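A structural walkthrough
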Amino acid sequence: MDLVPALEEPLKKVVGPATAKVMAEHLDLHTVGDLLHHYPRKYAERGELTRLADLPLDEHVTVVAQVATARILTFNGGRGQRLEVTITDGSGQLQLVFFGRGIHKPHKDLLPGTRAMFAGKASVFNRKMQLAHPAYELLKGDPDNPDGAEDAVGSWAGALIPIYPATAKLESWKIAKSVDAVLPSAQEAVDPLPPSLRDGRELIPLPEALLKIHRPHTKADIESARDRLKWDEAFVLQVALARRRYADAQLPAIARRPREGGLLDAFDAKLPFTLTEGQEKVSKEIFDDLATEHPMHRLLQGEVGSGKTMVALRAMLAVVDAGGQAAMLAPTEVLAQQHHRSITEMMGELAEGGMLGGSDQGTKVTLLTGSMGMAGRRQALLDLVTGEAGIVIGTHALIEDKVQFHDLGLVVVDEQHRFGVEQRDALRGKGKQPPHLLVMTATPIPRTVAMTVFGDLETSVLDQLPAGRSPIATHVVPAEDKPHFLARAWERVREEVENGHQAYVVCPRIGDEDDDPKKAKKKAEEEATAEKRPPLAVVEVAEQLTRGPLSGLKVEILHGRMQPDDKDAVMRRFAAGETQVLVATTVIEVGVNVPNATAMVIMDADRFGVSQLHQLRGRVGRGSAPGLCLLVTEMPEASPARARLGAVAATLDGFELSRIDLEQRREGDVLGQAQSGVRSSLRMLAVIEDEEIIAAAREEAVAVVSADPDLEHLPELRTALDALLDDEREQYLDKG
């Protein structure tokens, strides 16, 4: 790899083999360049100390503080000794303890009034926060300036002390000393940003940014360094994604244009309603993509019930009109069956091509799932290979080697986050030429996450609800503080049912998993020690409701461990209105469409994520009657969990909620394991806060790549890309 030797130098040559081994094993740092990109987590200021009051428990922490008191205590009848030191920073106090032979040096060093950096794991003993046997480094005054005891000398000559992400085996100040050893190499860092971009955005050169991030003299130094380093990350990643999109645009695909007077026109003519403006706009974006001779790669985001399936179906019909086949992939069998049912209902006789009573312009809509019988499966496979079936709907069973298509033109993937990139890829290989791809998700993804994680897909957003969709009122029901609220919740469910409607009750757990008495006993013990009751379970809640507040109503249960046929039968009875209340797990989260269901009670709502609650709530209010969603919790009013539920109750805007969700969970969880390549390359960039930088970097990246796809005139940028796209990440982006 054409990288500058100084930054490729193995760390063991510079910091010694023992330190290098710890850095490699615990911090994944192997070269001088890796260490230069291991940025301080925060900076302790000369006059201002870290807040001891905010220390996280059970984490390795580094604090700068002053010794208040130090005393030696004896225990075990005078046979044992321990040194207790109290340190303070103005916000609070923290106790340090040293035992046994290890107390003599700290007793000599840590005199009242001394300032030092301390590192260790924060734990609680006797209800007090403490660090046991912390490592420490004294911050001495400057001998030439006796009044300047506040000035840290040596490696902390500046006013700001960098505090690095550290481990128990390697304290922050030891990392700082290693950084001192490699800092001169920063001068040789290759600058990936084109000079015109750097000058246009007034960004400092990379060597200067590395120097300022590690050894700042002022807060302005830190700011200018951060701005520059964030741009590097955003820009290099967006260039990688822009090159993916550019390469995809060079792939051949068959243009699929709808035929006049064909299947799509016949379908539109019998629609009982007009499409929303949003549906029209997104459909146009999709049809424009389908008409080109390179594969469409589009992400369709839309709130639950915004009519995504309608948009996807019209795209599939356009492809069938153009002589191709369309496949729709769902994450579960229940969902595949549901899509099959709703699409055949929407199409009516147009879905019965080649059958008696079917339409001349019709096509066959085939279902293919893993649990189908042999005969049905054989027929479905035959329909696909002959081209008899224009539309096929199925689970990942569609990806198996045996499945052959006559001419696959479009793949629609439902609920991307449940569906890996490998599967997307395998299906893509089923066409004679790469098929067009439409990915649908009902999880609103903040724009920047879409640009980072799904950066190889163009994005369309459906944010209007179709006419006739009703508003959903959401309320938090504090069962612990106000038990009568819960009683009222069940009365509301009864009222809805008496008015001819239906209701869902959602629980976090199934409840019959404790058949093994040993496991059940162990689980009970764990929960008792955690002083936390187990989450409410479908089986038990259904039983209590039928005996108690909902007695006399027709109540059924639904969960993921039921046989597919049983699940389907339960769903059919609920859809037909035979069942009045369905007690279920989150299997109903995606795709269940029963317009007559108007009420939902979510038990232990604090155990679900914000986006998941929003998804669940979208299952009610799908008809003309208004929806009601009740979030039941035992969490106290001041808890973060209650604040989360309050946020869900306060807005129906999924994009707003996904921002809240992301800010609370940090982007790591959202980017998820599949995107580890992206995540491990973002050290400075925060996906939500740095929205403007990511958007600007994307624009710049597109301009650079369209002018110079192979980056021939930007060798430094190519070098940075090679470093970002090591094998694992290259594969991730390729599969994306």
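Coordinates for the structure precede this section.
Residues numbered from 1 in each chain as written. Predicted model: local features only at pLDDT ≥ 70, side-chain atom pairs only at ≥ 80, totals over all residues. Heavy atoms only, no water.

1. Brief notes about the sheet that holds strand 11 (residues 364–368)
The following threshold applies: Here, strands pair whenever DSSP counts at least two bridges between them. Each helix is a run of H or I in the DSSP string that is no shorter than four residues. Each strand is a run of E no shorter than two, and both are numbered from the N terminus. Helix axes are fitted to C-alpha atoms over the stretch in contact, other axes to C-alpha atoms as well, and angles between N-to-C directions run from 0 to 180 degrees.
Pairing is parallel across the open sheet formed by 7 strands, whose spatial order is 11-12-10-13-14-9-15. With one partner strand each, in any of the chains shown, strand 11 and strand 15 (458–462) form the two edges of the open sheet. Strand-to-strand, the axes of this sheet are offset by a mean angle of 20 degrees, without reference to chain direction. The pairing of strand 10 (residues 325–329) with strand 12 (residues 389–394) spans 4 bridges and is parallel. What sits directly across from alanine 326, in strand 12, is isoleucine 391.

2. Digging into the pattern of salt bridges
Put simply, the rule reads: What makes a salt bridge here is a side-chain nitrogen of Lys or Arg within 4 Å of a carboxyl oxygen of Asp or Glu, nothing more. Summary of the burial criterion: residues with accessible area below 20% of their type's maximum are buried, those above 50% are exposed, and those between are partly exposed, where the area comes from a 1.4 Å probe applied to protein chains only.
Tallied over the full model, the rule gives 34 salt bridges. Salt-bridge contacts for aspartate 383 lead to lysine 364; the nearest nitrogen and oxygen are separated by 3.0 Å. Of this pair, aspartate 383 sits in helix 14 (residues 374–386) while lysine 364 sits in strand 11, and the two are 19 residues apart along the sequence. Given the relative accessible area of 18%, lysine 364 is considered buried. Ionic contacts of the salt-bridge type, sharing partners, join the residues Arg488, Glu491, Arg492, Glu495 and Glu496 into one network.

3. Section: the sheet that holds strand 18 (residues 555–558)
Quick note on the threshold: Whether two residues touch is decided by their heavy atoms; if any such pair falls within 4.5 Å, the residues are in contact.
If you trace the 6 strands from one edge of the open sheet to the other, you get 16-21-20-17-19-18, paired in parallel fashion. The strands lining the two open edges of the sheet, one partner per strand, are strand 16 (472–478) and strand 18. When strand polarity is set aside, the average angle formed by the axes of neighbouring strands in this sheet is 20 degrees. Here strand 20 (residues 597–602) runs beside strand 21 (residues 627–633); their pairing, made up of 4 bridges, is parallel. Note that in strand 21 the partner of methionine 600 across the bridge is cysteine 629. Contacts between helix 19 (residues 538–547) and the sheet are confined to strand 17 (502–506), strand 18 and strand 19 (581–584), with strand 19 contributing the most and set at about 150 degrees to the helix. Contacts between helix 20 (residues 564–575) and the sheet are confined to strand 17, strand 18, strand 19 and strand 20, with strand 18 contributing the most and set at about 140 degrees to the helix.

4. With respect to the packing of aromatic side chains
Basically, it comes down to this: Side-chain rings of Phe, Tyr and Trp, where Trp is taken by its six-membered ring, are said to pair if the distance between their centres is within 6.5 Å; with planes under 30 degrees apart they count as stacked, over 60 as edge-to-face, and otherwise as tilted.
Applying the stated rule across the entire model yields 4 aromatic pairs. An angle of 90 degrees between the planes, with centres 6.5 Å apart, marks the rings of phenylalanine 75 and phenylalanine 99 as edge-to-face. Of this pair, phenylalanine 75 sits in strand 2 (residues 60–75) while phenylalanine 99 is found in strand 4 (residues 93–99), placing the two residues 24 residues apart along the sequence. Relative to tyrosine 136, the ring of phenylalanine 118 lies with its centre 6.4 Å away and its plane at 45 degrees, an arrangement referred to as tilted. Of this pair, phenylalanine 118 sits in strand 5 (residues 115–125) while tyrosine 136 sits in strand 7 (residues 135–138), and the two are 18 residues apart along the sequence. An aromatic cluster is built from Phe98, Phe118 and Tyr136, whose rings are joined through pairwise contacts.

5. Quick word on unusual backbone geometry
At aspartate 28, a position not held by glycine, the phi torsion is positive, near 60 degrees. Mapping aspartate 28 onto the fold places it in the loop between helix 3 (17–27) and helix 4 (32–36). A positive phi angle is found at leucine 711, which is not glycine, with a value near 55 degrees. Judged by relative accessible area, leucine 711 falls into the buried class, the value being 0%.

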